[in-house]
Amino acid sequence: MQLEGLHHITMITGEAQRNVDFYADLLGLRLVKKTVNFDAPEAYHLYFGDERGAPGSILTWFEFSGARRGRAGAGMIHTIQLGVGSPHALDFWAQRLGAAGYDAQRSEGSVGLDDYDGLHLELVIARDSEPPLAAHHPQIPSEHAIVGVQGARAFAAEAEGQAPLLTETLGFTSLGAGAYRLDGEQRRFDWAYDSPPEAVGIQGAGTVHHIAWGSRDEDHLAWQQRVREAGGYVTDVLDRDYFQSIYFREPRGILFEIATLSPGFAVDEDPGHLGEELKLPKMHEHLRAQLERQLAPVLNPRVAAREQVD
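Because the structure is a prediction, the values reported are computed rather than measured.

A.B. asks: I tried to follow helix α1 (residues 16-26) on my own but got confused; where do I start?
C.D. replies: Spacing of three or four residues puts side chains on the same side of an α-helix, whose turn is 3.6 residues. When α1 is considered as a whole, its buried residues turn out to be A16, N19, V20, F22, Y23, A24 and L26. In the stretch just after α1, G28 is the one whose phi turns positive, near 80°.

In structure tokens:
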């Protein structure tokens, strides 16, 4: 039994349209699903990724309108690493991000920046052994496109201590000095802990809510049982429409999810038009009229570009 690397990472934002403008337009990811939070349907849940919304490419956000900026601290992810194809791609991104007003720090092998909410991102050279997970954008040459999520770093007390839940239960490989790697059949993911700052973390805009690992559908219940037997408090299986999920906190405080690889984002939307309509969880469909009045309209740059051509 083997986890298939990353499934998705979910963050918090205070403004949905700005979220779309940054990730779907400036970074060139595809908005693959516009839906709402299962537990708070008055809040958008936006998904971005490659052309088909493949696990390993997915970044998602809960929009709590007007949310104050948060701060990463112990038990929280502080950096997300996005892969690009070459040093020339890093040069392209340093220039593109700088022209958009972001302080993009180019160093050997990476470009670092904070997004509009203060979430720290690193663009790094992707592993060429993995199939690229890219989206199309008219202003971004295909050779410079983001090709998947490569890794993440979290703050934790005793960052370099043992992590048996990772290595013995979930199958991560320890690389030493607080660094780990999760090897899936096609993709791998770099995971690391750093010593936390003195300031206590505050969840809010620009912080990470949870990270999800991919599971083959037939293994999902076995992962639930394995985590439970390792002493973890794990939830029941929850139907998220596009995947099935279980949740638990790892000992250093980060909220983990294990999500199935199917049915995927095309289950309720044509693959050529992902992210173009508001899709509601079945349990909230009766609230559609209310939510469509309440949620601020979000302009999808792909739709806007198509309408300009027409």
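Structure's up, so let's keep going.
A.B. asks: Would you mind going over the packing of aromatic side chains with me for this structure?
C.D. replies: Remark: the centre distance and the inter-plane angle together describe each pair of aromatic rings, the angle taken between the planes. Counted by the stated rule, this structure contains 19 aromatic pairs. For the ring pair Y23 and F48, a centre distance of 6.1 Å and an interplane angle of 45° mean the geometry is tilted. Residue Y23 is found in helix α1, and its partner F48 is found in strand β3 (residues 44-49); the two are separated by 25 residues along the sequence. Of the two residues, Y23 and F48, both sit in the buried class.

A.B. asks: Explain the environment of F265 here, please?
C.D. replies: The topology assignment puts F265 in the loop between β16 (255-260) and α5 (288-294). Expressed as a C-alpha distance, the spacing of F265 and V147, which sit 118 residues apart in the sequence, is 18 Å. The residues contacting F265, other than those within four sequence positions of it, are V32, K33, Y47, G53, I58, Y242, F243 and L274.

A.B. asks: Teacher, can you tell me more about the layout of surface pockets here?
C.D. replies: Gaps between atoms show up when a probe of the same size as a water molecule is rolled over them. Empty space within the largest pocket amounts to approximately 380 Å³. Contributing to the lining of the largest pocket are 18 residues, with R52, A54, P55, Q186 and L261 lying nearest its centre. When the residues that make up the lining of the largest pocket are grouped by side-chain class, the tally is nine nonpolar, five polar and four charged.

A.B. asks: Looking at this structure, I do not really get the pairing of β16. What am I missing?
C.D. replies: A regular strand carries its side chains on alternate faces of the sheet. Counting buried residues in β16 gives six out of six residues, a clear majority hidden from the surface. Neither face of β16 is exposed, since L255, E257 and A259 on one face and F256, I258 and T260 on the opposite face are all buried. Relative to β16, strand β13 (residues 208-215) is paired through five bridges, and the arrangement is parallel. Bridge pairing in β16 places G214 opposite A259. Where strand β15 (residues 244-249) lies against β16, five bridges are found, and the strand directions are antiparallel. The residue bridging F248 from the neighbouring strand is F256, located in β16.

Cut-offs used in this document
Residues numbered from 1 in each chain as written. Predicted model: local features only at pLDDT ≥ 70, side-chain atom pairs only at ≥ 80, totals over all residues. Heavy atoms only, no water. Buried < 20%, exposed > 50% of the residue type's maximum accessible area, 1.4 Å probe, protein only. Helix = DSSP H or I, 4+ residues; strand = E, 2+ residues; numbered from the N terminus. Phe/Tyr/Trp six-rings, centres within 6.5 Å; stacked < 30°, edge-to-face > 60°. Contact = heavy atoms within 4.5 Å. 1 Å grid on protein atoms, 1.4 Å probe; cavity = no way out; pocket = protein on both sides within 12 Å on 5 of 7 lines; lining within 4 Å. Points joined across faces, edges and corners; volume = space filled by probe spheres on them. Nonpolar A, V, L, I, M, F, W, Y, C, P; charged D, E, K, R; others polar. Pairing = 2+ DSSP bridges.

By themselves, these observations are geometric and do not establish any function.
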